[in-house]
Amino acid sequence: MFSEFIDRRAPGRYYISALNMDSSYLDIYAPLLLMFILAAGLAGVLVAASTLVGRHKHTREKDQPYECGITPTGDARAPFSVHFYLVALIFILFDIEAIFLYPWALVYHELKVFGFVEMMLYIMILLVGYIFLWKKGALDWS
Amino acid sequence: MIPLPAEQLLNLHRVAPEVVLCVFGIVIMVVDPFVQAAGRRALGWLAFIGALTALASVHLAAHFPGRAYSDLVNVDRFSIFVHVVVIGAASLAILGSLDYLEGEGLQRGEYYALVLFATAGMGILAGANELVTAFIGLEMSSISSYVLAGFRRRALPSNEASVKYFLLGSFATAFFLYGIAMVYGATGTTLISGIQTFLVSLPPSQHLPALAILGLGLIFVGLGFKVVVAPFQAYAPDVYEGAPTPVTALLASAPKVATFALMLRVFYVSFGSAQHLWFWVIWISAVLTMFIGNLGALMQTNVKRMLGYSSIAHAGYILVAFAASTDLGIAAALFYLSAYVLMKVGAFLVVTHLGQQGERRLAVADYAGLGMKQPVLAACFSLFLFSLLGLPVTGGFLGKFFAFQSALDAKIVWLVVIAGINSVIGAYYYLRVIIAMYFWEPSQDYTPTPVAPALSAALLVAAAGTLYLGLLPTRVLVLAKAAADSLSLLSLR
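Fair warning: this is a prediction, and the values are worked out from it, not measured in the lab. (Residues numbered from 1 in each chain as written. Chains lettered and ligands numbered in written order. Predicted model: local features only at pLDDT ≥ 70, side-chain atom pairs only at ≥ 80, totals over all residues.)

**Quick notes on the overall build of chain B**
Logical step 1: Summing up its helical and strand segments, chain B has 21 helices and two strands in all.
Logical step 2: The principal-axis extent of the C-alpha atoms belonging to chain B is close to 75 × 55 × 40 Å.
Logical step 3: Here chain B holds 493 residues, and the buried ones make up 59% of them.
Logical step 4: Within chain B, contacts between residues separated by at least 24 positions form 81% of all contacts whose residues are at least 6 apart in sequence. (Helix = DSSP H or I, 4+ residues; strand = E, 2+ residues; numbered from the N terminus. Buried ≥ 20, exposed ≤ 12 C-beta atoms within 10 Å, placed from the backbone. Contact = placed C-beta atoms within 7 Å.)

**Brief notes about the overall build of chain A**
Logical step 1: Of regular secondary structure, chain A possesses five helices and zero strands.
Logical step 2: Put simply, chain A runs from its N terminus to its C terminus through helices and strands in the order α-α-α-α-α.
Logical step 3: Counting all 142 residues of chain A, 0% fall into the buried class.

**Remarks on the environment of Tyr146 of chain B**
All names here are of chain B.
Logical step 1: Take Tyr146: it is sitting in helix 6 (residues 131-149).
Logical step 2: When the C-alpha positions of Tyr146 and Ser162 are compared, they lie 5.3 Å apart, and in sequence the two are 16 residues distant.
Logical step 3: Setting aside chain neighbours within four positions, we find Tyr146 in contact with Ser162, Tyr165, Phe166 and Gly169.

**What to know about the packing of helix 2 (residues 16-31) of chain B against helix 5 (residues 109-127) of chain B**
All names here are of chain B.
Logical step 1: Following both chains from N to C, one finds helix 2 and helix 5 inclined at 165 degrees, their axes separated by 8 Å at the closest point. One way to sum up the angle between helix 2 and helix 5 is to call them roughly antiparallel. Between helix 2 and helix 5 lies a crossing of left-handed hand. Of the residues in helix 5, those in contact with Pro17, Glu18, Leu21, Cys22, Phe24, Gly25, Ile28, Met29 and Val31 of helix 2 are Gly109, Glu110, Tyr112, Ala113, Leu116, Phe117, Thr119, Ala120, Gly123 and Ile124.
Logical step 2: Of the residues in the contact of helix 2 with helix 5, the class split is 13 nonpolar, four polar and two charged. (Axes fitted to C-alpha atoms, helices over the stretch in contact; angles between N-to-C directions. Parallel < 35°, antiparallel > 145°, perpendicular 65-115°, else oblique. Left-handed = near helix turned anticlockwise from the far one by under 90°. Nonpolar A, V, L, I, M, F, W, Y, C, P; charged D, E, K, R; others polar.)

**What about the packing of helix 5 (residues 108-136) of chain A against helix 2 of chain B?**
Logical step 1: Relative orientation of the contacting elements helix 5 of chain A and helix 2 of chain B amounts to 30 degrees, with a least axis distance of 8 Å. Between helix 5 of chain A and helix 2 of chain B, the interaxial angle falls into the category roughly parallel. In terms of crossing hand, the pair formed by helix 5 of chain A and helix 2 of chain B is left-handed. Every residue of helix 2 of chain B that contacts helix 5 of chain A at Ile125, Val128, Ile131 and Phe132 of chain A is listed here: Ile26, Met29 and Val30 of chain B.
Logical step 2: Among the residues forming the contact of helix 5 of chain A with helix 2 of chain B, the class breakdown is seven nonpolar, no polar and no charged.

**Structural notes on unusual backbone geometry**
Residue and element names in this part refer to chain B.
Logical step 1: Each neighbour pair has its own omega, and for Ala230 with Pro231 the value is 0 degrees, a cis peptide bond.
Logical step 2: Inspection of the secondary structure puts Pro231 in the loop between helix 9 (210-227) and helix 10 (236-242).
Logical step 3: The backbone of Tyr69 sits at a positive phi, close to 50 degrees, despite the residue not being glycine.
Logical step 4: Relative to the assigned elements, Tyr69 resides in the loop between strand 1 (66-68) and strand 2 (73-75).
Logical step 5: Residue Tyr69 is classed as partly exposed on the basis of its C-beta count, with 16 C-beta atoms lying within 10 Å.
Logical step 6: Positive phi is not limited to glycine here, since Ser325 has a value of about 60 degrees.
Logical step 7: With respect to the secondary-structure elements, Ser325 resides in the loop between helix 14 (303-323) and helix 15 (327-354).

**Regarding the confidence of the model for chain A**
Residue and element names in this part refer to chain A.
Logical step 1: Considering every residue of chain A, the mean pLDDT works out to 79; 81% of them sit at 70 or more.
Logical step 2: The least confident element of chain A, judged by mean pLDDT, is helix 1 (residues 23-27) at 65; the most confident is helix 2 (residues 30-53) at 93.
Logical step 3: Below pLDDT 50 for its whole length, residues 11-15 participates in seven contacts with residues either more than four positions away or in separate chains. (pLDDT = per-residue confidence, 0-100.)

**Details of the environment of Tyr100 of chain B**
Residue and element names in this part refer to chain B.
Logical step 1: Among the structural elements, Tyr100 can be located in helix 4 (residues 77-104).
Logical step 2: With 127 residues separating them along the chain, Tyr100 and Val227 place their C-alpha atoms 26 Å apart.
Logical step 3: With residues near it in sequence (within four places) discarded, Tyr100 still touches Pro244, Thr245, Pro246 and Thr352.

**Re the nonpolar core**
Soluble globular proteins tend to pack their nonpolar side chains together in the buried interior.
All names here are of chain B.
Logical step 1: Counting residues in hydrophobic clusters, the biggest one holds 189 residues, and the most contacted among them are Val115, Val320, Ala333 and Tyr336.
Logical step 2: Per-element accounting of this core gives the leading share, 21 residues, to helix 15.
Logical step 3: What Val115 contacts, discounting residues up to four positions off in sequence, is Ala47, Ala90, Ala93, Ile94, Leu148 and Leu250. (Core = buried A, V, L, I, M, F, W, Y, C linked by C-beta atoms within 7 Å.)

**Some words on helix 20 (residues 453-471) of chain B**
All names here are of chain B.
Logical step 1: A rise of 1.5 Å per residue sets the reference length of helix 20, with its 19 residues, at 27 Å; its end C-alpha atoms lie 26 Å apart and thus fit the reference within 8%.
Logical step 2: Among the residues making up helix 20, those that are buried are Ala454, Leu455, Ala458, Leu459, Ala462, Ala463, Gly465, Thr466, Leu469 and Gly470. The buried residues of helix 20 occupy one face: seen down the axis, they fall within an arc of 165 degrees. The exposed residues of helix 20 that point more than 90 degrees off its buried face are Pro453 and Leu471.
Logical step 3: Buried residues along helix 20 sit against helix 4, helix 15, helix 17 (375-389), helix 18 (395-409) and helix 21 (474-486). (Expected span 1.5 Å × (residues − 1). Arc of directions from axis to C-beta.)

**As for the environment of Leu431 of chain B**
Logical step 1: Assignment of secondary structure puts Leu431 of chain B in helix 19 (residues 413-439).
Logical step 2: Separated by 54 residues in the primary sequence, Leu431 of chain B and Asp485 of chain B place their C-alpha atoms 38 Å from one another.

**Section: the confidence of the model for chain B**
Residue and element names in this part refer to chain B.
Logical step 1: Scored by pLDDT, chain B comes out at a mean of 91, with 97% of its residues at no less than 70.
Logical step 2: The weakest mean pLDDT in chain B belongs to helix 1 (residues 5-10) at 59; the strongest belongs to helix 11 (residues 245-251) at 96.
Logical step 3: The complex model carries a pTM of 0.87, and its ipTM stands at 0.73.

So this is what it looks like as structure tokens:
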């Protein structure tokens, strides 16, 4: 469907540039915009209606922060281990590695051995990072 | 359309310096956990060898000029020149770090690996022919720098430097990225040479697209932050003061060179036809940068912070050559940058040694009587300060001379007058340190420590280079001119 936006002057380069867009291009997004307006409007109407019409009776139980039905035990802003950040960071790193594997898998047959070697190098570099993390004790929870 | 694998492989030698730097960095990272604390110093030497190998591989890349990886990377004499300066600065910084880290108890492989990764990023910046590639280079060098700035984990100023640099740096990067998006929206390409082609092919009656001008402005904000020009300089003194001194030596030199290189490419090549639009921006920024840097340095009693302000002022002098908008101006800027790197790294490495453990001795008063106690070190420091000040026989003098001359040739007289006034202001704070070293009574509590061999070697190279550029500038100047000519410039002015 994007074929009309491919730059013919430089084959191989897929520029979907603003230059090639005419105003009708944006028209196809009109239903989407309508949906956003409807969704926001509906949510707004519901909230407004319940504040205007509903009865407001505050009790101690009602004003407590909702915590999955369990009685709150303390402030949510308690300091917690910096280790969680580290794990989150490591997760993102290896998650992105996985993302890069998808396009590679798609064109695997065209790239042949070259693509295989290239990807193995890439995974090797990440493996080095993994060894580094392991030896430095980033995965150690004790 | 996937390019032939063979073609891709053949390009590897064109990015040889970056590949070498990254491989050495990765090897250091993976070896580090397996090495005993006593053997970590060897990793530093490994990093130094890596930097030298990268320097040698620049020679390999220089034999194969041209574009690589579907025009993303450009190997021309310009990129070669910048590569040599940047990698040279990094190797000097590594030499200067060895004993500093030992003294601070920070000897770790990560440090050297980060320096190498940062240098690889700067190499990409120098050779980028495409803005998103340049962005990756910028991020590689920046993210490594954020960590390096905070490498003294237990010291509060170092933490402050790291956080400040990280927050403001990310903000500036966002500006740069936004600018790329705007330029892409206006011209339909992110290739630096492609933008040039697009803008030149516009009919004369048609104005430059507003989106492109906006994009250029945003790119200036992003890059201006990294080269530390006014009004984006506010973070620099704190970062330069807080970062470990060898890191400051690196941060104040190499990234500036690489980012200036990218700025030259974007402004002269891509937006060369819009020179009338950016000229006054550069002019005003140059004046502000020089005054803020020099007047700020006047107030300092801390030598490290003073040198930080002075590096802001020097970015202003480089902008003077930048504003000239001629190929001679580019050559002058490149020459200035190479002289600047040598004297700045040298000066900061002297501060590294004299700071002693914990970076305690940084005040001007601490330098009192150094001329009597350590005459060679004092002479070295004086040479760097004279060069920063711009006295003859030093590279700094000729750098300034060529920069101002190219601006005068382009009839930008007032900017040169202002730059001249600033050089005079600069004399005060540089000479104050020299006077302290030679004419003040030495402090009693100071016992000089001998300069370690690695640091002496780095200082020697920096001092010899400063003198070489001051006495025999022809060779480097010819190379700088050839580098400027290799940019596909439009007829300027």
